[in-house]
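A look at the structure
Here is how the chains run, residue by residue.
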Amino acid sequence: MLNVIRIVTVVLLVGFTVSCAKRPPATTPPPPTTAAPPVTEAAPPAPPPAPTPTTTVVEDRTVVPVVPDEGVSNRPLEELNKLLKPAFFQLNSAELDDAGRAVVTSNADLMRKNQTWAITIEGHADERGTAEYNLALGERRALAVKTYLVSLGVAADRLRTVSYGKEFPFDPGHNESAWSKNRRAHFQITSK
Amino acid sequence: MHTVNSRGFMRRSGMSAIVAAIALATIDARALRPDSPAADHEQQKDVVELTITTTGAQTRYAVPDFVAINADAAAEGKTLAQVLYDDLAFEREFYLIPRDTSASIGALRPGAAFPFTAWQELGADGVVAGTVQRTGDSLHIDVRLYDVRRQQAVFSAGYDGPARSVRQIAHTISDAILLQQAKLRGVARTKLAFISDRDRERLDGTFEKRDVKHVYIVDYDGFNPRRITVNRYLNLNPSWSPDGRTLAYTAYSPTGADIVLSRIYEGLPLQRPAKGLGNNYLPVFSPDGTRIAFMSTRDGQAEIYVMNVDGSNLRRLTNHPQDDVTPTWSPSGAQVAFTSTRSGRPLIYVMNAADGSDVRLITPDESEADRPTWSPAPYNEIAFTARTGNWYDIKVYDVATGRIRLITHGEGSNESPAFSPTGRHLAFTSTRTGTSQIFTIGRDGNGIKQITREGNNQTVAWSSN
């Protein structure tokens, strides 16, 4: 019983320490993605609102590989992924139309400028097809985009494909406006 | 003579259950006299073979609350009777007299004779009467099935198990009664596996709003949900191994989809037998459990492959520039049915499992067909998703006659059918309630039952035991 109480006490203390240490000061920018300072045992007193520390910015620059390209390389993946626009498809089709080819061409430009990016092309379908067949349709869409990207000079070994069928709709609606947004190839940068 | 069955609780023969047998005997001394029944249907040589007599088309059963020998077993007495009632009603072999009707007979009282006359007046042919005794967390249950007309017990069995397994005990009783009285295997102890977003977790690392989908298993009636997957991503299309101990499913990571095997009761590391080139989807175990058929894009487009469960002996069964998707095995394992777009739209085909030869289109008249699921023997049927207007319904193709029948009739969109291990029921996904939920239904299209209610649930598989 005594041991249980001790453990509970320790857990509570550790929990308290971590939660104190984790809480970011209100005005600090997001911490760098790679080298966060280790959490020390003693919780520092909650800092007063401080001016923006310069150390964070310096660290950020040192850990990112130097690939100068309009500043985009320094941004986190989630930010970068907004730069690659989705290509849309007609109902039950895996053919890129003119608009789709224009989007993929512009994505290819970014990929050529950022040679370290590894990209997964996701094929998606709208909810009007069946769940299982849509997995094949999504693959076909992703593979069509991959083929086109390779023809534009993007190395095939940087590109992976996957199909999410109709499992991840961009728009959860049940009308053509939603469906047209859901029939898409979506681009994910999986490493930079 | 105690035996521990696979579900972890003990059964024993009627004669060894002396204490509870005495309790029942005081209710009806006549019932105890002639029979010395064995509880295990595997040991039915000792059982006097008796089937309830009826004058109607269907035998009429009543399942009153089990009598609680001690006061703290009252809840279990109600649960046992209700679960048993629902199990027997599900099989639709007997007519079940509604429990609030049969409640008018009143609780069985120790010392009173079994009220055969009252039950006969209510129109019951058979009455399942039980007692339950609770000792700490353990239950002892005795069950009799009385033939009302002949005024004698035709089934008698004792069960021991933990109180938390009360539903499993009721399921076991149901299967035993169904086997003895209708010579049918029941599904009361089987499970359903499906995927669900009920945990409302969001995928990390994407600016799109994406719900994590986990593999869940539940009892065949929807109770006892358990989450199987721990990866916070997308998982699809679970498939049971024939022994019910392994689930195969499609598991996603940010860079692809692969087949994962999870030995769900053993906590062993996950296996990835197909790991290699391309993405691997839609695994299904062969009927003997030694092989897995699946879809893969390793050769440039969706094709059907077969491998041993350890990944060895990989063979490509289809070779067509169009897509070949979602395989299912015939009961003997000699054939595989699958979806293909080789004629311009998704339709169902059959081929030989050994080498992919003898490809035959079986649904030429459908506008769109997907997700074939072959029934177990003795039925020889293939259920599939069929386009009917804007959305989908479940249809069943009879392999012998080539005839196709509708199972659902446009209530929402209905997809991804799976047969029960007896072939007498189907489970499928339907949007009829406004969200995506799992339903079960009889193979004749009657007896629909909603299984899931929480979140969205889809792509169900039915365990064989």
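Residues numbered from 1 in each chain as written. Chains lettered and ligands numbered in written order. Predicted model: local features only at pLDDT ≥ 70, side-chain atom pairs only at ≥ 80, totals over all residues. Heavy atoms only, no water.

**Describing the nonpolar core**
Residues and elements named next belong to chain B. Formally: Working definition of a nonpolar core: buried Ala, Val, Leu, Ile, Met, Phe, Trp, Tyr and Cys residues. They are joined through side-chain atoms within 4.5 Å. When a residue's accessible area, from a 1.4 Å probe over protein chains only, is under 20% of the maximum for its type it is buried; when over 50% it is exposed; and in between it is partly exposed. Helix and strand assignments follow DSSP, with helices taken as H or I runs no shorter than four residues and strands as E runs no shorter than two, numbered in order from the N terminus. Note on contacts: a residue pair is in contact if any heavy atoms of the two residues lie within 4.5 Å.
Core analysis: the biggest nonpolar cluster contains 32 residues, and Tyr61, Phe66, Ile141, Tyr159 and Ile173 have the highest contact counts within it. For this core, the secondary structure elements donating two or more residues are α3 (74–91), β6 (126–135), β7 (138–147), β8 (152–162) and α6 (166–182). Per-element tally for this core: the top contributor is α6, with seven residues. With near-sequence residues (within four places) excluded, phenylalanine 66 lies in contact with Gly77, Leu80, Ala81, Leu84, Gly130, Thr131, Val132, Ile141, Val143 and Ile173. Judged by nonpolar contacts, the second largest core, of 29 residues, contains Ala193, Val215, Val260 and Met295.

**Here we look at unusual backbone geometry**
Residue and element names in this part refer to chain B. Here the amide bond leading from alanine 377 into proline 378 is cis, since omega sits at 5°, within 30 degrees of zero. Of note, aspartate 358 is a non-glycine position whose phi angle comes to about 60°, a positive value. Inspection of the secondary structure puts aspartate 358 in the loop between β21 (347–352) and β22 (360–361). A positive phi angle, near 45°, is found at threonine 459, a position not held by glycine. Here threonine 459 is to be found in strand β31 (residues 457–462).

**Considerations on the interface of chain B and chain A**
For clarity, the threshold we go by: A simple way to read buried area is as the amount of 1.4 Å-probe accessible surface that goes missing from two parts once joined, with both sides added. Any carboxyl oxygen of Asp or Glu within 4 Å of a side-chain nitrogen of Lys or Arg constitutes a salt bridge here. N or O atoms closer than or at 3.5 Å make up a polar contact, with two conditions inside protein: a donor-capable atom paired with an acceptor-capable one, and, for residues adjacent in sequence, both atoms drawn from side chains. Each residue gets one of three labels, nonpolar for Ala, Val, Leu, Ile, Met, Phe, Trp, Tyr, Cys and Pro, charged for Asp, Glu, Lys and Arg, and polar for the others, Gly among them.
Taken residue by residue, the interface counts 46 residues in chain B and 33 residues in chain A. Note on chain B versus chain A: buried area summed over both sides is about 3,100 Å², and carbon and sulfur give 54% of it. At the boundary of chain B and chain A, one finds five salt bridges. Between lysine 166 of chain A and glutamate 415 of chain B there is a salt bridge, and its shortest N-O distance comes to 2.5 Å. Where chain B packs against chain A, one counts 21 residue pairs in polar contact (both at pLDDT 80 or more). Looking at side-chain class alone, the side of chain B that touches chain A contains 17 nonpolar, 18 polar and 11 charged residues.

**A closer look at the confidence of the model for chain A**
Detailed reading of predicted coordinates is not advised where the pLDDT is low. The condition is simple: Confidence scores per residue from the predictor, reported as pLDDT, run from 0 to 100.
Mean pLDDT over chain A works out to 74, with 61% of the residues at or above the 70 mark. Here residues 1–70 of chain A is a poorly scored stretch, pLDDT under 50, and it has 25 contacts once near neighbours within four places are set aside; other chains count.

**Quick word on the sheet that holds β31 of chain B**
Residues and elements named next belong to chain B. Put simply, the test is: The pairing criterion is simple: DSSP has to find at least two bridges between the two strands.
Spatial ordering of the open sheet is given by β11-β10-β9-β31, a layout of four strands whose pairing is antiparallel. Strands with a single pairing partner mark the edges of an open sheet, and in this sheet they are β11 (226–227) and β31. Bridging between strand β9 (residues 191–196) and β31 involves four bridges; their strand directions are antiparallel. Each bridged residue has a counterpart across the sheet, and for isoleucine 195 the counterpart in β31 is glutamine 458.

**Digging into α6 of chain B**
This is how it is decided: How far a helix is expected to stretch is found by multiplying one less than its residue total by 1.5 Å.
For α6 of chain B, which comprises 17 residues, the first-to-last C-alpha distance of 24 Å matches the rise-based estimate of 24 Å (1.5 Å per residue) to within 8%. The element α6 of chain B is extensively covered by neighbouring structure, given that 15 of its 17 residues are classed as buried.

**What to know about the side chain of aspartate 197 of chain B**
All names here are of chain B. Condition: For this count, His and the chain ends are skipped, Lys and Arg are scored as positive, and Asp and Glu as negative.
By secondary structure assignment, the location of aspartate 197 is in the loop between β9 and β10 (214–219). With no salt bridge to any partner, buried aspartate 197 finds its closest opposite charge in arginine 200, at an N-O distance of 4.6 Å. Here aspartate 197 is in contact with Asp211, Val212, Lys213, Gly455 and Asn456, once residues within four sequence places are set aside.

**Some details on α3 of chain B**
Residue and element names in this part refer to chain B. An ideal rise of 1.5 Å per residue puts 26 Å on 18 residues; α3 measures up with 27 Å between its terminal C-alpha atoms. Regarding α3, the residues found buried are Glu76, Gly77, Leu80, Ala81, Val83, Leu84, Tyr85, Asp87, Leu88, Phe90 and Glu91. One or two steps after α3, the chain reaches arginine 92, where phi turns positive at roughly 55°.

**Focus: the packing of aromatic side chains**
To keep it simple, the criterion reads: Think of it this way: a Phe, Tyr or Trp ring, Trp meaning its six-membered ring, pairs with another when their centres are within 6.5 Å, and the plane angle makes it stacked under 30 degrees, edge-to-face over 60, tilted otherwise. Definition used: whenever NZ (Lys) or CZ (Arg) falls within 6 Å of the ring centre and also within 35 degrees of the ring normal, the charge is taken to sit over that ring.
Evaluation of the coordinates by the stated rule reveals 12 aromatic pairs over all chains. Note on phenylalanine 428 of chain B and phenylalanine 439 of chain B: the rings are 6.2 Å apart at their centroids and 25° apart in plane angle, and the pair reads as stacked. With phenylalanine 428 of chain B in strand β28 (residues 425–430) and phenylalanine 439 of chain B in strand β29 (residues 437–442), the pair connects residues that are 11 residues apart, well separated along the chain. Across this residue pair, the class does not change: phenylalanine 428 of chain B and phenylalanine 439 of chain B are buried. One aromatic cluster in this structure is built from Tyr164 and Phe168 of chain A together with Tyr252 and Tyr281 of chain B. The aromatic ring of phenylalanine 223 of chain B is capped on one face by arginine 167 of chain B, whose charged end is 3.3 Å from the ring centroid. Stacked on the ring of tyrosine 305 of chain B, the Lys or Arg arginine 298 of chain B has its end atom at 5.7 Å from the ring centre.

**Brief notes about the sheet that holds strand β19 (residues 324–329) of chain B**
Residues and elements named next belong to chain B. The four strands are arranged β19-β20-β21-β22 in an open sheet whose pairing can be described as antiparallel. Because the sheet does not close on itself, it has two edges, and the strands there are β19 and β22. As defined by bridge partners, β19 adjoins strand β20 (residues 335–340) across four bridges and the pair is classed as antiparallel. Bridged to threonine 328 within β20 is alanine 337.

**Describing the packing of α3 of chain B against α6 of chain B**
Residue and element names in this part refer to chain B. Here is the rule we go by: Each axis is a line fitted through C-alpha atoms, taken for helices only over the stretch in contact, and angles between the N-to-C directions span 0 to 180 degrees. An angle below 35 degrees is read as roughly parallel, one above 145 as roughly antiparallel, one from 65 to 115 as roughly perpendicular, and any other as oblique. Left-handed is the label given to a crossing in which the near helix is rotated counterclockwise from the far helix by less than a right angle, and right-handed is the label when the rotation is clockwise.
At a minimum axis distance of 8 Å, the contact between α3 and α6 shows a crossing angle of 45°. Considered as vectors, α3 and α6 are oriented oblique to each other. Handedness of the crossing formed by α3 with α6: right-handed. Residues Glu76, Thr79, Leu80, Val83, Leu84, Asp87, Leu88 and Glu91 of α3 form the contact with α6, whose own contacting residues are Val166, Arg167, Ile169, Ala170, His171, Ile173, Ser174, Ile177 and Leu178.

**Some thoughts on the confidence of the model for chain B**
Residue and element names in this part refer to chain B. For chain B, mean pLDDT is 89; residues scoring 70 or higher make up 89% of the total. Predicted confidence is poor over residues 1–47, with pLDDT under 50, and the contacts of this stretch with residues over four places away or in other chains come to 99 contacts. Model confidence for the complex is summarised by a pTM of 0.82, with the ipTM given as 0.87.

**Section: the side chain of aspartate 126 of chain A**
Relative to the helices and strands, aspartate 126 of chain A resides in the loop between β2 (118–124) and α5 (131–151). Here arginine 128 of chain A takes part through its backbone nitrogen, which lies 2.8 Å from a polar atom of the side chain of aspartate 126 of chain A.

**Some thoughts on the environment of glutamine 437 of chain B**
All names here are of chain B. With respect to the helices, strands and loops of the structure, glutamine 437 is situated in strand β29. Residue classification places glutamine 437 among the buried residues on the basis of a relative accessible area of 1%. When the C-alpha atoms of glutamine 437 and asparagine 414 are compared, they prove to be 9.7 Å apart, with 23 residues separating the residues in sequence. Other than its neighbours up to four places away in sequence, glutamine 437 contacts Phe428, Thr429, Ser430, Gln450, Thr452, Arg453, Glu454, Gly455 and Asn457. A polar contact is formed between the side chain of glutamine 437 and the backbone nitrogen of arginine 453, at a distance of 3.5 Å. A polar side-chain atom of glutamine 437 sits 2.7 Å from a polar atom in the side chain of asparagine 457.

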